[in-house]
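# Commentary on secondary and tertiary structure
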Amino acid sequence: MTASRVSRVSRLVTASAVAAGSVVLLSGTAFAHVSVQPQGEAAKGSYATVNFKVPNESDTASTVKLEVNFPTDQPLASVMPQPVPGWDVKVTKSKLDKPLEVHGNKIDEAVSKVTWTADDKGIEPGTFQQFPVSLGQLPEDADQMVFKALQTYSDKEVVRWIEEPVEGGEEPEKPAPVLKLSAAADDHHGGGADADKASSSTDDKGGDAEQSTASADSSDGTARVLGVVGILVGAAGVAFGVLAGRRRTSPSSN
């Protein structure tokens, strides 16, 4: 193989690596924000346990406080945060303009904010933390709930995850956590039983949900790395295949 052909192959492989690396970086950026996901299902009109996932984006500071605001136009009668080691939790309630009726009882206030404050180091650079909350009954007439969140770092920086996504539009720079609601179950209490069971199981096993999510994140990262390797190998294979074809058709090979 001539020096010029070696150079062309090298440039091709390098370009492929840069492109693949850009994909991984952009993918990581897209997921590096405060989000909310249910443990199992979050069915309309039911109860669910959800995890607010908080990654630390700073290279030098730790996350020391998380404030999650609950939508006042979708009040929830029950909001119970699960204790998280190393964090104090405060639940703030507000009066409702229109009382809720739950199981025959009228409720005139609902949770408007939950605040977690670190006792010690908080969420250090390169790590994330989950904050589980049992909540319900979920709205029956909505497809999602938006929870605006504020993330405070040890260097006093406050990141406001409050921008609501627009259907069909690009993802905002600082998107608010959005909980997607699934179709209502036949028995609304079924979701509540499942949520309580999931919460109890997590308590008994000392944070298995947190460990399993971390494992899932690790698997996602591994899959992305393997995907990049596949791209590089494929690019190199195409390049050498093209060069081999040229050698077979050149006069010197006849």
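In the block above lies the structure referred to throughout.
We now turn to the structure provided with this report. (Residues numbered from 1 in each chain as written. Predicted model: local features only at pLDDT ≥ 70, side-chain atom pairs only at ≥ 80, totals over all residues. Heavy atoms only, no water.)

On to the pattern of salt bridges, then. The tally for this structure, following the rule as stated, stands at 5 salt bridges. Between E67 and K65 there is a salt bridge, with the nearest N and O atoms lying 3.9 Å from each other. Its relative accessible area of 15% is what places E67 among the buried residues. When its relative accessible area of 27% is taken as the criterion, K65 is described as partly exposed. Several salt bridges converge on common partners, so that one network encompasses K65, E67 and K113. (Salt bridge = Lys/Arg side-chain N within 4 Å of Asp/Glu carboxyl O. Buried < 20%, exposed > 50% of the residue type's maximum accessible area, 1.4 Å probe, protein only.)

Moving on, we come to the nonpolar core. Ranked by size, the top nonpolar core spans 32 residues in total, and within it F52, F70, W116 and F131 carry the most contacts. At the level of elements, β2 (48–55), β3 (63–69), β6 (105–118), β7 (128–136), β9 (148–153) and β10 (158–161) are the ones that each hand at least two residues to this core. If we skip the residues at most four places from it in the chain, F70 touches L76, V79, V111, S112, K113, V114, L135 and F147. (Core = buried A, V, L, I, M, F, W, Y, C linked by side-chain atoms within 4.5 Å. Helix = DSSP H or I, 4+ residues; strand = E, 2+ residues; numbered from the N terminus. Contact = heavy atoms within 4.5 Å.)

Turning to the packing of aromatic side chains, a few remarks are in order. According to the stated counting rule, one finds 5 aromatic pairs in the structure shown. Ring centres of F52 and W116 lie 6.3 Å apart, and the angle between their planes is 50 degrees; this geometry places the pair in the tilted category. A residue pair is termed long-range when its members are at least 10 positions apart, and F52 in strand β2 and W116 in strand β6 qualify at 64 residues. Assessed through its relative accessible area of 0%, F52 is described here as buried. On the basis of an interplanar angle of 85 degrees and a centroid distance of 5.5 Å, the ring pair of F52 and F147 is categorised as edge-to-face. Note that F52 is positioned in strand β2 and F147 in the loop between β8 (144–146) and β9, a separation of 95 residues in sequence. Here F52 and F147 have matching classes, each one buried. (Phe/Tyr/Trp six-rings, centres within 6.5 Å; stacked < 30°, edge-to-face > 60°.)

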